[in-house]
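Chain by chain, the residues run as shown.
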Amino acid sequence: MGLLSLGTPMPWDEAKKYADHVRTHGIIQFLNLWEATKDSQKDCLLWGDEIEYMVVSYDEENKRAKLSLRVWQILQDLAKEEEEAKTDPAKKLLVNSSWHPEYGRYMLEGTPGEPYMGLPRDLLAVERNMKLRRELARKYMLPNEVPVTLTSYPRLGCAGEGLEPHHEPHGPAARSLFVPDDIINAHARFPTLTANIRRRRGSKVAINMPIFHDVNTPKPFIDPTIPTYNDYPEDKNAIEEGAALPDHIYMDAMAFGMGCCCLQITFQAVNVEEARKIYDQMAPLGPIMLALTAAAPIYRGYLSDVDCRWNVIAQSVDDRTEEERGLKPLKENKYRIAKSRYDSIDSYISNDPKNKPEYNDIPLVYDKDIYKKLSDNGIDDLLARHISHLFIRDPLVIFHELLNIDDNESTDHFENLQSTNWQTMRFKPPPSKTSPIGWRVEFRSMEIQLTDFENAAFAIFIVLVTRAVLSFNTNFYIPISKVDENMKVAHHRNAVLEEKFYFRKQIFTQSRPGTPAAGTPSGSPKVSPATLPRVASLSAGTADEYELMTINEIINGNPAKGFPGLLGLVNNYLNTLNIDIETRCEISKYLELIKKRANGTLMTAASWMRHFVQNHPDYKQDSVVSEKINYDLVKMIEKINKGEVQVPELLGNFAV
């Protein structure tokens, strides 16, 4: 969830006075860090995944599945075991995980205890470790509690008994009509972040997702469940001021977005230039993987007409004022800002010759003074623009105790802004000057899957794509504006099968025949010219470099056009490695899932959940997901994870 500092947070009226102070010192901290680590070299790829869980508490008597708000106690127990394992080698193997708090008081984040390397045998440890994490988390739960990997909880914010223990909605931080502040992590950062987004924006966040119109869904759909309060000025936003749109599911708090779960992968590159290359090459894949992992079709007890969480989160943390959103002339604010601080990236950052200026075709809003400071201190144009673009935002949480710190020793002010720009990709410097951790890139768009097998499959696939990208010196560049268009399309219901996405037609570029491409990861084999089926000159223009493709074509290829697809690329890469047959077969099992999701043989989690709801005996074809339907859905997901039921439409014959 980003930087978790300790201290006394400032309310927005006080914090905004120190925004420039934080920006100024954040840039000094970045420059100090850059000078110390810009030439850092690592031997090989390291990577890890982040799995986010929701803890569900069953009320068996009343057939309710509630969100458990006692995760803080579970985290304390897991942290104690993690600490004990550090001094006990035998226990270290049994624990091999690390646990972290998340925004929701019902959420857990688990990562591997140590990063994986890029070796094929490490890939086979991924699913085992994910299963281990789920077992460890379950060990400290009550008998009626379970960890589930759901992207969006179907009935979050519904009236009734949806939380354990129960709390009525409303509270001073979120001022939500639907959820209590008690749902927010107790760490001071989270309620402060929630309140300061609202205060800076000048109103509550307004999240509107289109309703799925079933046979008996009213037209127009005007949500009858929106309550009325008169406790806070914002209480009139929903109906009186039109925040709740017709034919939409309305939500009004950060919890609806940051309370979602996802699957994120972080890579440590060999050096800063390799990290920038990975950042750029993986950015066009963000929307593709969002659609392919779609797993969030239900919000606040209604079936929506979208399959993904991303826009919900973007709207849930949108702190832009009316001026910044272009609704009023600029007077108090400096910039018109096109996007929420949670959105797709706005520029490519690599100095790779393949990165033509035409690809950065969105006018980039950035702080000119910060850009000059960075440029004067040796930061190149693309990176200086990237950092100064992030720094047009205000710091949302400032702690009194950390206002004046040593810029040579701390990066807190830099991370304050870096960690609250939540984009599809994140470029991450080393944590400190002396840290053994290198330059990293975070791939952030994927939705969490229902089973550990699926999550392992998508993690392994993304890792192998990065390896192939570096080994074959691929070129995935398309204009940033087309990546943005793809992000919009990715949310559409069943986009994985029914939509097309802009993608580059020729993904291979000329390289020195018979040698690894520049930036090839340490230990990677030489690449034969035979593995490069299509070659494009770097001097070609951009007009005819991309076209609309189905996800099936992007993943599985189009032989008629000579396009190998991402799986073809990955298999070419695997063919160059010295892998034993057993390991290759195990890896192929995961890749087969990706293939079948892309070609429609297997459903996405979003499609499967829709199908489950619409075929439930209690469903009235009115888009409503009742408590009983929700209970049965969560129970079914738990049974799938335990291998107690088979769902061939979702998982085929794969064992979970």
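None of the values given here were measured: they were computed from a predicted structure. (Residues numbered from 1 in each chain as written. Predicted model: local features only at pLDDT ≥ 70, side-chain atom pairs only at ≥ 80, totals over all residues. Heavy atoms only, no water.)

## Re the overall build of the chain
Reasoning step 1: A tally of regular secondary structure across the chain gives 23 helices and 18 strands.
Reasoning step 2: For 656 residues, the compact-globule estimate of 2.2 N^0.38 gives 26 Å, and the chain sits close to it at 24 Å.
Reasoning step 3: Over its C-alpha atoms, taken along the principal directions, the chain stretches across nearly 70 × 60 × 55 Å.
Reasoning step 4: Of the contacts formed within the chain by residues at least 6 apart in sequence, a portion of 78% connects residues at least 24 apart. (Helix = DSSP H or I, 4+ residues; strand = E, 2+ residues; numbered from the N terminus. Rg over C-alpha atoms; globule rule 2.2 N^0.38 Å. Contact = heavy atoms within 4.5 Å.)

## So, the side chain of Arg440
Reasoning step 1: In this structure, Arg440 sits in strand 16 (residues 440-443).
Reasoning step 2: Buried charge Arg440 goes without a salt bridge, the closest partner of opposite sign being Glu415 at 5.7 Å. (Buried < 20%, exposed > 50% of the residue type's maximum accessible area, 1.4 Å probe, protein only. Lys, Arg positive; Asp, Glu negative; His and termini not counted. Salt bridge = Lys/Arg side-chain N within 4 Å of Asp/Glu carboxyl O.)

## A look at helix 20 (residues 581-599)
Reasoning step 1: Compared with an ideal rise of 1.5 Å per residue, which puts 19 residues at 27 Å, helix 20 spans 26 Å between its outermost C-alpha atoms and is within 8% of the ideal.
Reasoning step 2: Of all the positions in helix 20, only Thr583, Ile587, Tyr590, Leu591, Leu593, Ile594, Arg597 and Ala598 are classed as buried.
Reasoning step 3: Capping the start of helix 20 is the job of one residue whose side-chain oxygen sits 3.2 Å from the backbone nitrogen of Glu582: Asp580.
Reasoning step 4: In the stretch just after helix 20, Gly600 is the one whose phi turns positive, near 90 degrees. (Expected span 1.5 Å × (residues − 1). Polar contact = N/O pair within 3.5 Å; in protein donor to acceptor, adjacent residues only side chain to side chain.)

## Re helix 21 (residues 605-614)
Reasoning step 1: Across the 10 residues of helix 21, 8 count as buried, placing the element largely inside the fold.
Reasoning step 2: For helix 21, the full list of buried residues reads Ala605, Ala606, Ser607, Trp608, Met609, Arg610, Phe612 and Val613.
Reasoning step 3: Buried-residue contacts for helix 21 involve strand 11 (298-299), strand 12 (302-303), helix 22 (627-642) and helix 23 (648-651).

## Quick word on the confidence of the model for the chain
Reasoning step 1: Residues of the chain with pLDDT of at least 70 account for 94%, and the chain-wide mean is 93.
Reasoning step 2: Within the model, pLDDT remains below 50 along residues 511-540, and this stretch shows 58 contacts once partners closer than five positions in the same chain are excluded. (pLDDT = per-residue confidence, 0-100.)

## A few points about the environment of Glu401
Reasoning step 1: Mapped onto the secondary structure, Glu401 falls in the loop between helix 13 (381-390) and helix 14 (412-418).
Reasoning step 2: The exposure class assigned to Glu401 is partly exposed, which follows from its relative accessible area of 45%.
Reasoning step 3: If we skip the residues at most four places from it in the chain, Glu401 touches Gly7 and Thr8.
Reasoning step 4: Among the polar contacts made by the side chain of Glu401, one reaches the main-chain amide nitrogen of Thr8 at a distance of 2.7 Å.

## Topic: the environment of Val656
Reasoning step 1: Positionally, Val656 belongs in the segment after helix 23.
Reasoning step 2: Given the relative accessible area of 24%, Val656 is considered partly exposed.
Reasoning step 3: For Val656 and Gly643, which are 13 residues apart along the polypeptide, the C-alpha to C-alpha distance reads 6.2 Å.
Reasoning step 4: In this view, Val656 contacts Glu127, Lys131, Thr451, Phe453, Ile640, Asn641, Gly643 and Leu651; residues no more than four positions away in its chain are not counted.

## A word on unusual backbone geometry
Reasoning step 1: Of note, the bond from Glu164 into Pro165 is cis; its omega dihedral lies within 30 degrees of zero at 0 degrees.
Reasoning step 2: When you line up the elements, Pro165 lands in the loop between strand 7 (163-164) and helix 7 (189-201).
Reasoning step 3: In this structure, the amide linkage connecting Lys219 to the following residue, Pro220, adopts the cis form with an omega of -5 degrees.
Reasoning step 4: By the secondary structure assignment, Pro220 is in the loop between strand 8 (207-210) and strand 9 (248-251).

## Topic: the pairing of strand 3 (residues 97-101)
Reasoning step 1: Burial within strand 3 is extensive, with 4 of its 5 residues counted as buried.
Reasoning step 2: Relative to strand 4 (residues 107-112), strand 3 runs antiparallel, the two sharing 5 bridges. In the strand pairing of strand 4, Ser97 is matched with Pro112. (Pairing = 2+ DSSP bridges.)

## Focus on the packing of helix 21 against helix 22
Reasoning step 1: At their nearest, the axes of helix 21 and helix 22 sit 10 Å apart, and the two run at 130 degrees to each other. Relative to helix 22, the element helix 21 lies oblique. Of the two elements, helix 21 crosses helix 22, and the hand of that crossing is right-handed. In this structure, helix 21 uses Trp608, Met609, Phe612 and Val613 to contact helix 22, whose residues at the interface are Ile629, Asp632, Leu633, Met636, Ile637 and Ile640. (Axes fitted to C-alpha atoms, helices over the stretch in contact; angles between N-to-C directions. Parallel < 35°, antiparallel > 145°, perpendicular 65-115°, else oblique. Left-handed = near helix turned anticlockwise from the far one by under 90°.)

## Brief notes about the pattern of salt bridges
Reasoning step 1: Within this structure, the stated rule accounts for 51 salt bridges.
Reasoning step 2: Glu241 is the partner of Lys236 in a salt bridge, and the nearest nitrogen-oxygen pair spans 3.9 Å.
Reasoning step 3: Between Asp318 and Arg320 there is a salt bridge, with its nearest N and O atoms 2.8 Å apart. The exposure classification of Asp318 matches that of Arg320, with both residues buried.
Reasoning step 4: Connected via shared salt-bridge partners are Asp20, Arg23, Arg200, Asp319, Glu324, Arg341 and Asp394.

## Quick look at the packing of aromatic side chains
Reasoning step 1: Counted by the stated rule, this structure contains 25 aromatic pairs.
Reasoning step 2: With 5.7 Å between their ring centres and 45 degrees between their planes, Phe476 and Phe503 make a pair best called tilted. Of this pair, Phe476 sits in the loop between helix 15 (452-472) and helix 16 (480-490) while Phe503 sits in strand 17 (residues 500-504), and the two are 27 residues apart along the sequence. A single burial state applies to Phe476 and to Phe503, both of which are buried.
Reasoning step 3: Joined through ring pairs, the aromatic side chains of Phe30, Trp34, Tyr279, Phe391, Phe414, Phe427 and Trp439 make up one cluster.
Reasoning step 4: Above the face of the Phe178 ring, Arg300 is positioned so that its terminal group lies 4.1 Å from the ring centre.
Reasoning step 5: Directly above the aromatic system of Tyr58 lies the positively charged group of Lys635, at a separation of 4.0 Å from the ring centroid. (Phe/Tyr/Trp six-rings, centres within 6.5 Å; stacked < 30°, edge-to-face > 60°. Lys NZ or Arg CZ within 6 Å of the ring centre and 35° of its normal.)

## Details of the nonpolar core
Reasoning step 1: Membership of the largest hydrophobic core comes to 203 residues, with the highest contact counts inside it found for Trp47, Leu108, Phe461, Ile555 and Trp608.
Reasoning step 2: Among the elements that take part in this core, helix 15 stands out by supplying 15 residues, more than any other.
Reasoning step 3: Leaving out residues up to four positions away in the same chain, Trp608 has contacts with Leu450, Met603, Leu633, Met636, Ile637, Ile640, Val647, Glu649 and Leu650. (Core = buried A, V, L, I, M, F, W, Y, C linked by side-chain atoms within 4.5 Å.)

## Let's talk about the packing of helix 15 against helix 20
Reasoning step 1: It is the contact of helix 15 with helix 20, at a shortest axis distance of 9 Å, that shows an interaxial angle of 95 degrees. On the basis of their axis angle, the class for helix 15 and helix 20 is roughly perpendicular. For the pair formed by helix 15 and helix 20, the contact residues are Phe453, Glu454, Ala456, Ala457, Phe458, Ile460, Phe461 and Leu464 on the first element and Ile587, Lys589, Tyr590, Leu591, Leu593, Ile594 and Arg597 on the second.
Reasoning step 2: Here the residues of the contact of helix 15 with helix 20 sort into 12 nonpolar, no polar and 3 charged. (Nonpolar A, V, L, I, M, F, W, Y, C, P; charged D, E, K, R; others polar.)

## With respect to the pairing of strand 16
Reasoning step 1: Judged by which residues are buried, strand 16 turns out to be covered on both faces: Arg440 and Glu442 on one side and Val441 and Phe443 on the other are all buried.
Reasoning step 2: Bridge count between strand 10 (residues 263-268) and strand 16: 4 bridges; the pairing is antiparallel. In the strand pairing of strand 16, Ile265 is matched with Phe443.
Reasoning step 3: Looking at chain direction, strand 15 (residues 425-428) and strand 16 are connected through 4 bridges and run antiparallel. Bridging across to strand 16, Lys428 finds its partner in Arg440.

## Remarks on the side chain of Glu50
Reasoning step 1: Summarising the element assignment, Glu50 is placed in strand 1 (residues 46-59).
Reasoning step 2: One buried charged residue, Glu50, forms no salt bridge at all, with the nearest opposite charge on Lys428 at 5.3 Å.
Reasoning step 3: In contact with Glu50, not counting residues within four places along its chain, are Glu109, Gly110, Thr111, Cys262, Leu263, Gln264, Thr266 and Glu442.

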